[in-house]
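# Descriptive analysis of the structure
Take a look at the letters that make up each chain.
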Amino acid sequence: MAEIPILTIDGPSGSGKGTVAARVAEVLGWHLLDSGALYRLTGYAAHKAGVDLADPAAVAPTARNLQVNFGDGKIFLDGEDVSLAIRTETAGNNASKVAAVPEVRAALLDWQRDYAKAAGLVADGRDMGTVVFPRAKAKIFLDASAEERARRRYKQLKDKGIDVNLSGLIAEIEERDHRDRNRSVAPLVPAEDALVIDSTDMNVDTVVERVLQAVHEVYPETRTA
Ligand code: DC
């Protein structure tokens, strides 16, 4: 079977990975894996069930038994539309907590790998290039300063009419980064063969261009896309 082309985009929260991954997938006509959504769903389901988010015996079965449906750009958990609910800062923090449990990561592994289908896959997350798709030929690590990431998040939330406080956001982002970077399993680090892009002073169009260039170099057949 022909090898499926894969681009991994890893990086901390607010680095712009989600936007860049979606744009690049659209240009290339490839599938998109938003792996953070799977951790967010697990965190949401565990929180709703009232279980301890750090207890492997409680959260691993939650991850294994998630009843998720995607449709019309929405995400349903047990039939409930949770598209917006899983995007809040609290949901992100709960996701980061369950994501530190090795059994949860193991439970989500095959599900993530199943996204690799023709014509190709753009995989967005924290450990896409290091653990889930280590053999991907195109790997990006997208970074930006914590202040800039908090500012972007602040603007996104304000635009949605959600009232937030910037210094509180910076503190939350730093707390989440610390947990994601220092956990014992699949910590947030660039893969050795990843191209690191610091987007602090770059706009989205420029980042998308750089990422596409990197893809074209290793997968020349995508140049016409
Ligand atoms: O990308 P995001 O903000 O939706 O991710 C939410 C949390 O899920 C993040 O803080 C850490 C965790 N996560 C992870 O551990 N591994 C991934 N591949 C994706 C997300």
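Residues numbered from 1 in each chain as written. Predicted model: local features only at pLDDT ≥ 70, side-chain atom pairs only at ≥ 80, totals over all residues. Heavy atoms only, no water.

## Description of the site of the ligand
Of all residues adjacent to the ligand, which total 16 residues, the nearest are Arg40, Arg105, Arg126, Arg176 and Arg183. Note that an oxygen atom of the ligand is positioned 3.4 Å from one of the side-chain N or O atoms of Lys17. Asp127 is positioned such that a nitrogen or oxygen atom in its side chain is 2.9 Å from a nitrogen atom of the ligand. If you list the elements that add at least two residues to the shell around the ligand, you get helix 2 (35–48), helix 4 (89–98) and helix 8 (166–182). It is helix 2 that contributes the most residues to the shell around the ligand, 4 residues altogether. When the residues that make up the shell around the ligand are grouped by side-chain class, the tally is 4 nonpolar, 4 polar and 8 charged. (Near = heavy atom within 4 Å. Polar contact = N/O pair within 3.5 Å; in protein donor to acceptor, adjacent residues only side chain to side chain. Helix = DSSP H or I, 4+ residues; strand = E, 2+ residues; numbered from the N terminus. Nonpolar A, V, L, I, M, F, W, Y, C, P; charged D, E, K, R; others polar.)

## Here's the deal with the pairing of strand 3 (residues 68–71)
Summarising the sheet, strand 3 and strand 4 (residues 74–77) pair through 4 bridges and their orientation is antiparallel. Residue Asn69 lies in a different strand from strand 4, and its bridge partner there is Phe76. Count of turn residues in the strand 3/strand 4 antiparallel hairpin: 2 residues, of which Asp72 carries a positive phi of about 55°. (Pairing = 2+ DSSP bridges.)

## Things to note about the packing of aromatic side chains
Within the structure shown, the criterion is met by 1 aromatic pair. Measuring from ring centre to ring centre gives 6.0 Å for Trp30 and Tyr219, while their planes differ by 75°; the resulting arrangement is edge-to-face. A residue pair is termed long-range when its members are at least 10 positions apart, and Trp30 in the loop between helix 1 (17–28) and strand 2 (31–34) and Tyr219 in the segment after helix 9 (204–218) qualify at 189 residues. Here Trp30 and Tyr219 have matching classes, each one buried. (Phe/Tyr/Trp six-rings, centres within 6.5 Å; stacked < 30°, edge-to-face > 60°. Buried < 20%, exposed > 50% of the residue type's maximum accessible area, 1.4 Å probe, protein only.)

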